[in-house]
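# Observations on the three-dimensional arrangement
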Amino acid sequence: MITCREVTRLISEGHDRRLSLSERIGVRLHLMMCNGCRNFDAQLRLIRKACQRLANGEAPLDPRER
Amino acid sequence: MRPPASGSPPSDDPAPETYRDYLYRFAVLQLRDPHLAEDAVQETLLAAVTAKSRFAGRSSAKTWLTGILKHKIADLVRKQSRETPLADAIRVEAVRESDEFDALFRQNEHWSSPPRDWGNPERALENKHFWDALEDCATLMSPAVARVFMMREIQGLSTEEICKEVGISTTNCWVMLHRARMSLRLCLEQKWLGDGAGGA
């Protein structure tokens, strides 16, 4: 089984390039068994979604003290 | 008297000026330079006033203004990349990164402190603490890492485009982006969830 360190790198790269079939299978098998990496995956998805909202002008950057 | 045509901006549409603070924060997040950010916002507001008739309520005023500002920021970042190339800084960061991640994993390369469950993503995106933390955490990223990250996630450039503009290899680009995401999520866990606020 590939390690958490390797899986997190692949999950991140999956946001920037298409992973190979064997990479995708490796990640998927790992995620079925690893809670930490599942959370990592969800966290990166949320970060991406938040950035998309930001880029679309939908982020609530309300005035704060600067 | 007929009501105004549906295509024209609603009369209660807030003036572009209303969004100055928001636009500034959007700009400074990416440019990391208060003066450049002020200039970009000023130009955006000017452009908005002259183009007001073309806006015609196609989208929210905030989205429209963000779109104008994004173009100005993209130009400025391109200029920044020419004037202060990041290639060297990025090569240094890429080497440093492996050391920094060592603490996150045990000897066998599995988590020493595993990522936590952040709960329902939609609820997080509705949570003001989440956005405050995200803004703070983005500001804490090193300039080289931040520039690459913003080009990818806010300006939506491909890694190929980023490589060309910044002058780094594709592999270095992936490393930078991974590093950016890892540091963001670590920072968010501390700042957003660390005190028990927010989350599911």
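Okay, so let's go over this structure. These figures come from a predicted structure and were not determined experimentally.

About the thresholds
- Each chain carries its own residue numbering, running from 1 in the written order of its sequence.
- Naming scheme: in the order in which they are written, chains are lettered from A and ligands are numbered from 1.
- Totals for whole chains, interfaces and linings use all residues, but because this is a predicted model, local features are given only for residues with pLDDT of at least 70 and pairs of side-chain atoms are given and counted only at 80 or more.
- Hydrogen atoms and water are omitted, and side-chain values are computed over all heavy atoms in the structure.
- Secondary structure elements are defined from DSSP: runs of H or I of at least 4 residues count as helices, runs of E of at least 2 residues count as strands, and each element is numbered from the N terminus.
- Residue exposure (1.4 Å probe, protein chains only): buried if accessible area is under 20% of the type maximum, exposed if over 50%, otherwise partly exposed.
- Any two residues whose heavy atoms approach within 4.5 Å at even a single point are treated as in contact.
- We get accessible surface area from the Shrake-Rupley algorithm with a probe of 1.4 Å; when it comes to residues, only the shown protein chains can shield them.
- In this charge count, Lys and Arg are treated as positive and Asp and Glu as negative; neither His nor the chain ends contribute.
- Where a charge lies is defined by one atom per residue type: Lys uses NZ, Arg uses CZ, Asp uses CG and Glu uses CD.
- The term buried area means the drop in 1.4 Å probe accessible area that two parts suffer when joined, counted for both and summed.
- Just to be clear on terms, a salt bridge is a Lys or Arg side-chain nitrogen sitting within 4 Å of an Asp or Glu carboxyl oxygen.
- Here a polar contact is taken to be a pair of N or O atoms separated by no more than 3.5 Å, where protein atoms must pair a possible hydrogen donor with a possible acceptor and residues adjacent in sequence count only if both atoms sit in side chains.

Another aspect to go through is the overall build of chain A. The helix and strand tally for chain A stands at three helices and zero strands. For chain A, the N- to C-terminal ordering of α and β elements is α-α-α. With respect to the principal axes defined by its C-alpha atoms, chain A has extents near 50 × 25 × 15 Å. Within the span of chain A, comprising 66 residues, buried residues form 53% of the whole. In chain A, the share of contacts with a sequence separation of at least 24, taken over all contacts with a separation of at least 6, comes to 52%. Carbon and sulfur atoms make up 52% of the accessible area of chain A, which amounts to about 3500 Å² in all. The average position of the 13 basic charges and that of the 8 acidic charges among the side chains of chain A differ by 5 Å.

Time to look at the interface of chain A and chain B. If you look at the interface, chain A gives 38 residues, while chain B gives 50 residues. A combined buried area of about 4100 Å² lies between chain A and chain B, and 59% of that area is made up of carbon and sulfur atoms. Summed over the shared surface of chain A and chain B, the result is seven salt bridges. Where Lys-49 of chain A meets Glu-122 of chain B, a salt bridge forms, and the shortest distance between an N and an O atom there is 3.1 Å. At the boundary of chain A with chain B, the tally comes to 17 residue pairs in polar contact (both at pLDDT 80 or more). Looking at the side of chain A that touches chain B, the elements with two or more residues in it are α1 (4-13) and α3 (35-55) of chain A.

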